[in-house]
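Here's the letter readout for the chains.
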Amino acid sequence: MKVIWITGASSGIGEALAYAFSAAGDKVLISARRTEELERVKAGCANPGMVRVLPMDLLDTASFGERVREAIGAFGQVDILVHNGGVTQRGYVVDTELAVQRQVMELDYFSYVALTKAMLPHFIERKSGHFVVMSSVMGKIGTPMRSAYAAAKHALHGFFDCLRAEVAAMGILVTVLTPGYVQTNISQHAITGDGSALGKASENIEKGLPASRAADKIMRAVRKGRYEAYIGKRSMEWVALVLNRLAPGLVMKLAPKFVPK
Ligand SMILES: NC(=O)c1ccc[n+]([C@@H]2O[C@H](COP(=O)([O-])OP(=O)(O)OC[C@H]3O[C@@H](n4cnc5c(N)ncnc54)[C@H](OP(=O)(O)O)[C@@H]3O)[C@@H](O)[C@H]2O)c1
C-alpha cells in the first residue's frame with residue numbers, strides 16, 4: 001500500500017487514476033483547483049476514507065511548500081507524485097500571442113519543476129520516492145497548432161531525464177508517460193491563440209483510449225518503474241512514435257498533415 005499524490009485529479013486521466021489507485025488499496029491525495037469536483041471524485045473512489053482532497057492551483061508556485069507539507073502530513077509520507085494537471089493548446093504560431101506561449105509553459109512545465117523541487121527533499125530524506133510525469137506524444141514529435149504544448153512537453157523530457165540521472169542512486173524513480181489520445185475534456189479546455197478556451201470536443205480525443213483503460217496502463221508502467229511508457233491505442237500516434245525512432249525525417253515530412261481534428 002502506497003501514498004499517491006495526483007495533480008489534475010478533478011477530471012480525465014487524473015480522476016481515472018484516483019479511482020484505479022484507490023481500488024488497488026493505495027492511499028490517495030487528489031489535487032486540482034475545483035474543490036467540489038475533487039469531492040465528487042473522492043466520493044466515487046473505492047475507499048473514500050483513504051482519500052484526501054488537497055485543492056491547489058498549479059500556477060501558484062509560491063504555495064507549493066505549504067501544499068507539500070499538507071500532503072506529507074495527510075498520511076505521514078508521499079511515495080508517488082503524479083504530475084498530471086495541465087492544459088493543451090490549439091493555434092498556429094503566427095496567431096498565438098507570446099503571453100499564451102508563456103502561460104502554457106508556466107502550467108505544463110514550470111509548475112512540474114517547482115512541485116518536484118518542493119517534494120524532492122522528502123524523497124531524498126526517505127531514500128525513496130517516485131515522480132510520474134504526464135508528457136504526451138507531443139513531447140516527442142511536433143505537429144501543427146501545438147507549438148506551446150509540444151514545447152512544454154518536450155521540456156519535461158529534458159528536465160526529468162536529467163533528474164532521473166541525478167537521483168537514480170538515491171532510490172528515487174522517474175517515469176515519463178507519453179499518452180496518445182485519451183477520452184477526456186482536454187480539448188474543451190484547450191487554450192487558443194488569444195488565450196480563450198477552445199470550448200469544443202475533438203474527434204481524435206473522442207476516439208481515443210477510455211480514461212479508465214489509460215489509468216490501468218499507467219498503473220502497470222508505474223508498478224514496473226518504467227523510465228518511459230506510451231499510453232494509448234495502437235493507432236496513428238503510436239505509429240508516429242515508433243517511426244520517430246526509426247525514421248525521424250519521415251515523421252517530419254508527414255507532420256504538416258497532422259492538423260488536430
Ligand atoms: N487526453 C489526452 O488525449 C492526453 C494526451 C496526452 C497527454 N495528456 C495529458 O494528460 C494530463 C491530464 O489531461 P486530461 O486529458 O485528463 O485533461 P482534463 O480532463 O482537462 O484534466 C486536466 C486537469 O488539470 C487540472 N488543471 C488545469 N489547470 C490547473 C491549474 N492551474 N491548477 C491546478 N490544476 C489544474 C484540471 O483541474 P481544475 O480545472 O479543477 O483545476 C483537471 O483536473 C495533461 O497533462 C495532458 O497534457 C492528455
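Residues numbered from 1 in each chain as written. Predicted model: local features only at pLDDT ≥ 70, side-chain atom pairs only at ≥ 80, totals over all residues. Heavy atoms only, no water.

Novice: Even after reading the chapter, I still don't get the environment of asparagine 204, so can you show me in this structure?
Specialist: Within the fold, asparagine 204 resides in helix α6 (residues 203-206). Once you skip the residues sitting within four places of it in the chain, asparagine 204 turns out to touch Tyr181, Pro260 and Lys261. (Helix = DSSP H or I, 4+ residues; strand = E, 2+ residues; numbered from the N terminus. Contact = heavy atoms within 4.5 Å.)

Novice: I'm lost on the sheet that holds strand β1 (residues 3-7) in this one. Help?
Specialist: Two strands in a sheet stick together by hydrogen bonds in their backbones, pointing the same way (parallel) or opposite ways (antiparallel). Spatial ordering of the open sheet is given by β3-β2-β1-β4-β6-β7-β11, a layout of seven strands whose pairing is parallel. What marks the edges here is a single partner per strand, and that holds for β3 (51-53) and β11 (228-231). With strand direction ignored, the average angle separating the axes of adjacent strands in the sheet is 20 degrees. In this sheet, strand β4 (residues 80-83) lies alongside β1 in parallel orientation, the contact comprising three bridges. Across the sheet, the residue bridging to isoleucine 6 is valine 82, located in β4. (Pairing = 2+ DSSP bridges. Axes fitted to C-alpha atoms, helices over the stretch in contact; angles between N-to-C directions.)

Novice: How should I be thinking about the pairing of β4 in this particular structure?
Specialist: The side chains of a regular strand alternate, residue by residue, between the two faces of the sheet. With burial as the criterion, each face of β4 is covered, one bearing Ile80 and Val82 and the other bearing Leu81 and His83. Both β4 and strand β6 (residues 129-134) contribute to a ladder of four bridges, which runs parallel. Bridge assignment links histidine 83 to a residue of β6, and that residue is valine 133. (Buried < 20%, exposed > 50% of the residue type's maximum accessible area, 1.4 Å probe, protein only.)

Novice: I would appreciate a short explanation of the site of the ligand in the present structure.
Specialist: In the vicinity of the ligand there are 31 residues, among which Ser11, Arg33, Arg34, Tyr149 and Thr184 approach most closely. Between the ligand and lysine 153 there is a distance of 3.0 Å, counted from an oxygen atom to a side-chain nitrogen or oxygen. Within the contact set of the ligand, an oxygen atom lies 2.8 Å away from a backbone nitrogen or oxygen of valine 182. Taking 880 Å² as the accessible area of the ligand by itself, protein coverage stands at 96%. (Near = heavy atom within 4 Å. Polar contact = N/O pair within 3.5 Å; in protein donor to acceptor, adjacent residues only side chain to side chain. Areas by Shrake-Rupley, 256 points an atom, 1.4 Å probe, with all protein chains shown as cover.)

Novice: Teacher, can you tell me more about the pattern of salt bridges here?
Specialist: It is possible for side chains of opposite charge to pair when their charged atoms get near one another. In this structure the tally under the stated criterion is nine salt bridges. A salt bridge links aspartate 26 to arginine 223; its shortest N-O distance comes to 2.7 Å. Here the residue aspartate 26 occupies a position in the loop between α1 (12-23) and β2 (27-31), and arginine 223 occupies one in helix α7 (residues 211-223), the gap between them amounting to 197 residues. Salt-bridge contacts for glutamate 228 lead to lysine 140; the nearest nitrogen and oxygen are separated by 3.2 Å. Of the two residues, glutamate 228 sits in strand β11 while lysine 140 sits in the loop between β6 and α5 (147-167), which places them 88 residues apart along the sequence. Using a relative accessible area of 27% as the deciding quantity, one classes glutamate 228 as partly exposed. (Salt bridge = Lys/Arg side-chain N within 4 Å of Asp/Glu carboxyl O.)

Novice: Mind showing me how you'd approach the environment of glutamine 183 here?
Specialist: Mapped onto the elements of the fold, glutamine 183 is located in strand β8 (residues 182-183). Between the C-alpha atoms of glutamine 183 and asparagine 204, which are 21 residues apart in sequence, the distance is 8.7 Å. The residues touching glutamine 183, leaving out its near neighbours within four places in the chain, are Ile205, Glu206, Lys207, Gly208, Leu209, Pro210 and Ala211. A polar contact of 2.7 Å, which involves the side chain of glutamine 183, links it to the backbone oxygen of glycine 208.

Everything listed here is a matter of geometry and, on its own, says nothing about what the molecule does.
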